[in-house]
Amino acid sequence: MNVLNCYNCGSGERAFYAEENGFSLVKCGECGLLYMEERPDDEEINQAHRQGKHGGLKELDVTGSFNEGEISRCLHVLEDLFKGGLGSKKTWLDIGCGHGEFLTALQKYSGGKITARGTDPNRFKQESARARGLDVGCFDIESHEEKYDVISLLNVYSHLPDPPVFFELVKRLLNPGGEIVIETGDTANFPAKEHPRPFYLPDHSVLHLSGLSQTF
Amino acid sequence: LKRFGFGVFSVNKYPSLRPGPKIIVKEIIKAVLPWRKSAIRQYVRWRRYSQADMFIRARLGS
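What you are looking at is a predicted structure, and each value in this text was computed from that prediction instead of being measured.

Visitor: Looking at this structure, how should I read the overall build of chain B?
Guide: Scanning chain B from terminus to terminus reveals 2 helices and 2 strands. From first element to last, N terminus to C terminus, chain B shows the α and β order β-α-α-β. Radius of gyration (C-alpha) of chain B: 18 Å, far over the 11 Å computed for a compact globule of 62 residues. Here the C-alpha coordinates of chain B stretch approximately 55 × 20 × 15 Å along the principal axes. Taken over 62 residues, chain B has a buried fraction of 35%. The long-range fraction of contacts in chain B, counting pairs at least 24 apart against all pairs at least 6 apart in sequence, stands at 78%. Of the roughly 4,000 Å² of accessible surface on chain B, 58% is carried by carbon and sulfur atoms.

Structure (structure tokens):
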């Protein structure tokens, strides 16, 4: 286990927030970020992401299945974000694409005009997405050479062992003027007893709040 | 994001809970089973979480 300071501000000042599945969530005394105080080792995290199963007092299986209803929600969000079209955007990478609901919505929204691909560490999710004809695999962001007009990270932030390092890598994969779309919970401002449960620890290692989104 | 050279130009918020009939029935069943944890209390207060899911769109170098 690694004991950590705050990912966002580096402060070691923290207060206990909640406990779940044998792991503790703490709230940073400086910036308010919620994060897991002790985290499994990197190799353990990577293996858990690949298999979709996380250890703890009880095994947490997060593979799930393709959610048809999610497509209409993604279409609604795309329209809110891009209001009428994707303009000159031609290439899109969805990191942590899961079963491919967002990629499916993206193909519909663009009328098939965008080249969209996805990457996900979970091999069951990759197979599920590929079975729907989506261009999905698993590649190492660090050594990946291709560049994209847009990169989406939907519900990925809360899984990242080191968000700042990851964002530097993502930045490198964008074309000049490229964009990112991030989905994350805005829940760190809830008192612990009102926070949506479960936290899905240790799959989620950091929980976010909107005030940080523009500065992390 | 600013730290990494991104300019944020939209933050859209959505409900984190999307209660549909199937989900409500499932959560009610979970609530009466002693070995299952139910989130029914959250669904009863779903409006509290109407802004808890956030989408950020940001552009590099703006």
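What follows continues from the structure just given.
Visitor: Looking at this model, I keep getting lost on the overall build of chain A. Mind explaining?
Guide: Looking only at helices and strands, one finds 6 helices and 13 strands in chain A. On C-alpha atoms alone, chain A measures out to a radius of gyration of 17 Å, which is about the 17 Å that the 2.2 N^0.38 rule sets for 216 residues. Across its three principal directions, the C-alpha atoms of chain A cover 50 × 35 × 35 Å. Within chain A, counting contacts between residues at least 6 apart in sequence, those at least 24 apart form 65% of the total. When the accessible surface of chain A is totalled, it reaches about 9,600 Å², and 48% of it is carbon and sulfur. Averaging the positions of the 22 positive and the 33 negative side-chain charges in chain A gives two centres separated by 5 Å.

Visitor: Where do I start with the packing of helix 2 (residues 69-82) of chain A against helix 3 (residues 101-110) of chain A in this structure?
Guide: The description of two packed helices rests on the angle between their axes and on the distance between the axes. All names here are of chain A. Look at helix 2 against helix 3: their axes get within 8 Å of each other, and the N-to-C directions meet at 55°. With respect to helix 3, the element helix 2 is oriented oblique. For helix 2 against helix 3, the interelement crossing comes out right-handed. Along the contact surface, helix 2 presents Glu70, Ile71, Cys74, Leu75, Leu78, Glu79 and Phe82, while helix 3 presents Glu101, Phe102, Thr104, Ala105, Leu106, Lys108 and Tyr109.

Visitor: I tried to follow the interface of chain B and chain A on my own but got confused; where do I start?
Guide: It is common to give the size of an interface as the accessible area that goes away when the parts come together. Chain B puts 28 residues into the contact, and the matching count from chain A is 40 residues. For the pair chain B and chain A, the two sides together bury roughly 3,100 Å², of which 54% comes from carbon and sulfur. The interface formed by chain B and chain A contains 4 salt bridges. Between Glu179(A) and Arg57(B) there is a salt bridge, with its nearest N and O atoms 2.6 Å apart. Counting every contact that joins chain B to chain A gives 13 residue pairs in polar contact (both at pLDDT 80 or more). Of all the secondary structure elements, the ones that give two or more residues to the side of chain B that touches chain A are strand 1 (6-14) and strand 2 (53-60) of chain B. Class assignment of the residues belonging to the side of chain B that touches chain A gives a composition of 15 nonpolar, 4 polar and 9 charged. Bridge analysis of strand 12 (residues 174-185) of chain A against strand 2 of chain B gives 7 bridges, and the strand direction is antiparallel. In the strand pairing of strand 2 of chain B, Glu183(A) is matched with Phe55(B).

Visitor: Which parts of the structure should I look at to understand the nonpolar core?
Guide: Side chains of nonpolar character tend, in soluble globular proteins, to be buried together. Ranked by size, the top nonpolar core spans 34 residues in total, and within it Leu33(A), Tyr35(A), Ile151(A), Phe167(A) and Ile180(A) carry the most contacts. Put simply, the parts of the chain that give this core at least two residues each are strand 3 (23-28), strand 8 (91-95), strand 11 (148-154), helix 5 (163-172) and strand 12 of chain A together with strand 2 of chain B. Phe66(A), Phe82(A), Leu154(A) and Tyr14(B) belong to the second largest nonpolar core, which has 25 residues in total.

Rules behind the numbers
- Residues numbered from 1 in each chain as written.
- Chains lettered and ligands numbered in written order.
- Predicted model: local features only at pLDDT ≥ 70, side-chain atom pairs only at ≥ 80, totals over all residues.
- Heavy atoms only, no water.
- Helix = DSSP H or I, 4+ residues; strand = E, 2+ residues; numbered from the N terminus.
- Rg over C-alpha atoms; globule rule 2.2 N^0.38 Å.
- Buried < 20%, exposed > 50% of the residue type's maximum accessible area, 1.4 Å probe, protein only.
- Contact = heavy atoms within 4.5 Å.
- Areas by Shrake-Rupley, 256 points an atom, 1.4 Å probe, with all protein chains shown as cover.
- Lys, Arg positive; Asp, Glu negative; His and termini not counted.
- Charge placed at Lys NZ, Arg CZ, Asp CG, Glu CD.
- Axes fitted to C-alpha atoms, helices over the stretch in contact; angles between N-to-C directions.
- Parallel < 35°, antiparallel > 145°, perpendicular 65-115°, else oblique.
- Left-handed = near helix turned anticlockwise from the far one by under 90°.
- Buried area = accessible area lost by both parts, 1.4 Å probe.
- Salt bridge = Lys/Arg side-chain N within 4 Å of Asp/Glu carboxyl O.
- Polar contact = N/O pair within 3.5 Å; in protein donor to acceptor, adjacent residues only side chain to side chain.
- Nonpolar A, V, L, I, M, F, W, Y, C, P; charged D, E, K, R; others polar.
- Pairing = 2+ DSSP bridges.
- Core = buried A, V, L, I, M, F, W, Y, C linked by side-chain atoms within 4.5 Å.

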